[in-house]
Each structure stands twice: as structure tokens, then as C-alpha cells.
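Structural features, examined
Each chain is listed here by its residues.
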Amino acid sequence: MTVATPFGREAIEEILPHREPFLLIDEVLELRPGEGAVARKTVREDEWYLRGHFPGRPVMPGVLIVEALAQTGAVAVLSEEENRGRLALFAGIDDCRFKRIVEPGDVLTLECEFVRVRGPIAKGEGRALVGDELAVSATLTVFVGE
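Residues numbered from 1 in each chain as written. Predicted model: local features only at pLDDT ≥ 70, side-chain atom pairs only at ≥ 80, totals over all residues. Heavy atoms only, no water.

Side note on the pattern of salt bridges
For the coordinates displayed, the defined rule picks out 14 salt bridges. The partner of R19 in a salt bridge is E13, with the nearest N and O atoms 3.8 Å apart. Residue E13 is classed as partly exposed on the basis of its relative accessible area of 28%. Residues E47 and K41 are paired through a salt bridge, measuring 2.8 Å at the closest nitrogen-oxygen approach. (Salt bridge = Lys/Arg side-chain N within 4 Å of Asp/Glu carboxyl O. Buried < 20%, exposed > 50% of the residue type's maximum accessible area, 1.4 Å probe, protein only.)

Quick look at the nonpolar core
The biggest cluster of nonpolar side chains holds 41 residues, and the ones touching the most others in it are I25 and L108. At the level of elements, α1 (9-15), β2 (27-32), β3 (36-42), α2 (62-78), β5 (107-118), β6 (121-130) and β7 (133-145) are the ones that each hand at least two residues to this core. Discounting residues that sit within four places of it in the chain, L108 has contacts with A39, R40, K41, V43, M60, I65, V102, A128, L129, V130 and A135. (Core = buried A, V, L, I, M, F, W, Y, C linked by side-chain atoms within 4.5 Å. Helix = DSSP H or I, 4+ residues; strand = E, 2+ residues; numbered from the N terminus. Contact = heavy atoms within 4.5 Å.)

Points about the packing of aromatic side chains
Under the counting rule described, the total for this entry stands at 1 aromatic pair. Geometrically, the ring pair formed by W48 and Y49 is edge-to-face, given 5.3 Å between the ring centres and 80° between the ring planes. Among the residues examined, W48 registers a relative accessible area of 36% and is labelled partly exposed. (Phe/Tyr/Trp six-rings, centres within 6.5 Å; stacked < 30°, edge-to-face > 60°.)

Quick word on the pairing of β5
Bridging between β3 and β5 involves 7 bridges; their strand directions are antiparallel. Following the sheet pairing, G36 is matched in β5 by E113. The sheet contact formed by β5 and β6 spans 10 bridges and is antiparallel. Bridge pairing in β6 links L110 to A128. (Pairing = 2+ DSSP bridges.)

Brief notes about the sheet that holds β2
In spatial order, the strands read β1-β2-β3-β5-β6-β7-β4; together these 7 strands make up an open sheet with antiparallel pairing. Two strands bound the open sheet, and with one partner strand each, they are β1 (7-8) and β4 (87-98). Examined bridge by bridge, β4 and β7 share 9 bridges and lie antiparallel to one another. Looking across to β7, one finds that D94 is bridged to T139.

This is how it looks when you write it as C-alpha cells:
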């Protein structure tokens, strides 16, 4: 599959099965099928999860930042022709570190680079940044299944 970058949600939805409210990336800036991707997420004040996390001090949950990283990696994996229409599922999250609070108005740059692919299992290094500041880093393992 060849997709010119950058591209937005309509093209992302042609690759990923995720939909609102759980599609957590707005735009793909770079795509290297099977190797990695860079995406962007703007944290808006009206995000569904901010109403309860936390009232009066809205913070994007760290697990959702990790999910956005996984969706970024899934774009790279599922954009390969042999993986079209399949699911990329978590198989592991290792060495996850939260370094910065992410709040409304922040723009996340999400990077996922695969370091090892063996059959249906891929391991990638993910980083979420706000500007030049690291917000989250993690090693993600995904299983590509039906």
C-alpha cells in the first residue's frame, strides 16, 4: 500500500479498525510500512476522557497515550498489503515511563519504530513528545491476527 503523507483521519480509518471515540491519532506525518510511523494527536478540551480525569485538572491518561502510540505502530503494520483488514493487538508493554503530564492544548508527536518482526509478532520502540519534551516512552509488542 502506498499512501502519501501527511494524511488525516479518513485515510487512517482505511487502515485501522478504530473509530470514535477510540481513534486516538489525528494525522499520520510519516509512514514506512512494516517499519514505523510518526503521527500527531491534538489534545482538545472536549475529549471524552477529560471530564472525569480529573475534574478541575484535566490530564490525558497515560494508558491512552500508550494506546495512541500503539495505534501509530498499527498504521505501519496494517499498511502492509499482507496485513490489510487484520487486527494489531497488544502482546506486551515493557519499560514504560511517564515523564510529562499531557493536558488540553498539547500536541503529541507519536513515534513508533519497529526493531524486530518475527512472523505475526512485532516489537517497537515508542515515544510520545510534546514539542521537544518526552512525555512517554515504551517498548510495545503487537500480535497481528484476524
